[in-house]
Amino acid sequence: MKALYPGSFDPITNGHVDVIKRVTKLFDQVIIAVLSNLDKNEFIPLKDRMKLIKESLKGIKNISVESFSGLTVKYAKLKHADLIVRGLRAASDFEYELEMSQINYFMSKGIDTLFIMTSPKYSFIRSSRVKEVASLGGDVKELVPAPVYRYLCQKRL
Ligand code: PNS
């Protein structure tokens, strides 16, 4: 079975890595689908976001890191993915994710979304907080994989 794990990954966090590691044990192949068109809101350019994902997941064999634009379900169909995977951190994620999974199911006429609960120790980590903390000079070392931390330090982001 092949799963598609879509996201902005701007940047990838320890929470994403936790979800990906667990998902790779459940499926033969996991496509990490990185949304390319974040427009003006992009913190890290697509090329770097993808490089950082690859570096952070070194050693995991059954993944591919790919970029996409447009609808997630279109990309899932193109890649013959059996389902979409998303992580749920807390109840606050639920409504947004519920709606997205339902519209995706409706549009694709049958692609399901499987939710994995983020480990409690990562449940407060979201990319937007990492961006905010890093850009205001806070320490995000414990929140992101080492390659991302090095990148943020080098770029002084
Ligand atoms: O990591 P994120 O930002 O929470 O990921 C959100 C993402 C990329 C999964 C979502 O915005 C998405 O699927 N965007 C592509 C457009 C799309 O298919 N939207 C949902 C139905 S309109």
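What this report covers is the structure whose coordinates are included nearby. (Residues numbered from 1 in each chain as written. Predicted model: local features only at pLDDT ≥ 70, side-chain atom pairs only at ≥ 80, totals over all residues. Heavy atoms only, no water.)

Thoughts on a nonpolar patch on the surface
Moving on, step 1. On the surface, Leu71, Ile103, Phe106 and Met107 cluster together into a nonpolar patch covering about 390 Å² of accessible area.
Moving on, step 2. With respect to the helices, strands and loops of the structure, Ile103 is situated in helix H4 (residues 91-108).
Moving on, step 3. Judged by its relative accessible area of 44%, Ile103 is partly exposed. (Patch = residues over 30% accessible without salt bridge, like charges linked within 9 Å, V, L, I, M, F, W, Y side chains within 5 Å. Areas by Shrake-Rupley, 256 points an atom, 1.4 Å probe, with all protein chains shown as cover. Salt bridge = Lys/Arg side-chain N within 4 Å of Asp/Glu carboxyl O. Helix = DSSP H or I, 4+ residues; strand = E, 2+ residues; numbered from the N terminus. Buried < 20%, exposed > 50% of the residue type's maximum accessible area, 1.4 Å probe, protein only.)

A short note on the site of the ligand
Moving on, step 1. Within the structure, the ligand sits among Gly7, Ser8, Leu35, Gly70, Leu71, Thr72, Arg86, Tyr96, Met100, Ile103, Asn104 and Met107.
Moving on, step 2. Interatomic distance of 3.0 Å between a side-chain N/O atom of Arg86 and an oxygen atom of the ligand.
Moving on, step 3. For the ligand, whose free accessible area comes to 550 Å², the fraction covered by protein is 70%.
Moving on, step 4. Of the residues in the shell around the ligand, the class split is six nonpolar, five polar and one charged. (Near = heavy atom within 4 Å. Polar contact = N/O pair within 3.5 Å; in protein donor to acceptor, adjacent residues only side chain to side chain. Nonpolar A, V, L, I, M, F, W, Y, C, P; charged D, E, K, R; others polar.)

Focus: unusual backbone geometry
Moving on, step 1. The amide bond that connects Asp10 to the next residue, Pro11, takes the cis arrangement and shows omega of 5°.
Moving on, step 2. When you line up the elements, Pro11 lands in the loop between strand S1 (2-7) and helix H1 (14-24).
Moving on, step 3. The backbone of Phe9 sits at a positive phi, close to 50°, despite the residue not being glycine.
Moving on, step 4. Along the chain, Phe9 turns up in the loop between S1 and H1.
Moving on, step 5. Classification of Phe9 as buried rests on a relative accessible area of 2%.
Moving on, step 6. Here the phi dihedral of His80 falls at roughly 55°; this positive angle occurs in a residue that is not glycine.
Moving on, step 7. Among the structural elements, His80 can be located in the loop between helix H3 (72-78) and strand S4 (83-88).
Moving on, step 8. What makes His80 exposed here is its relative accessible area of 63%.

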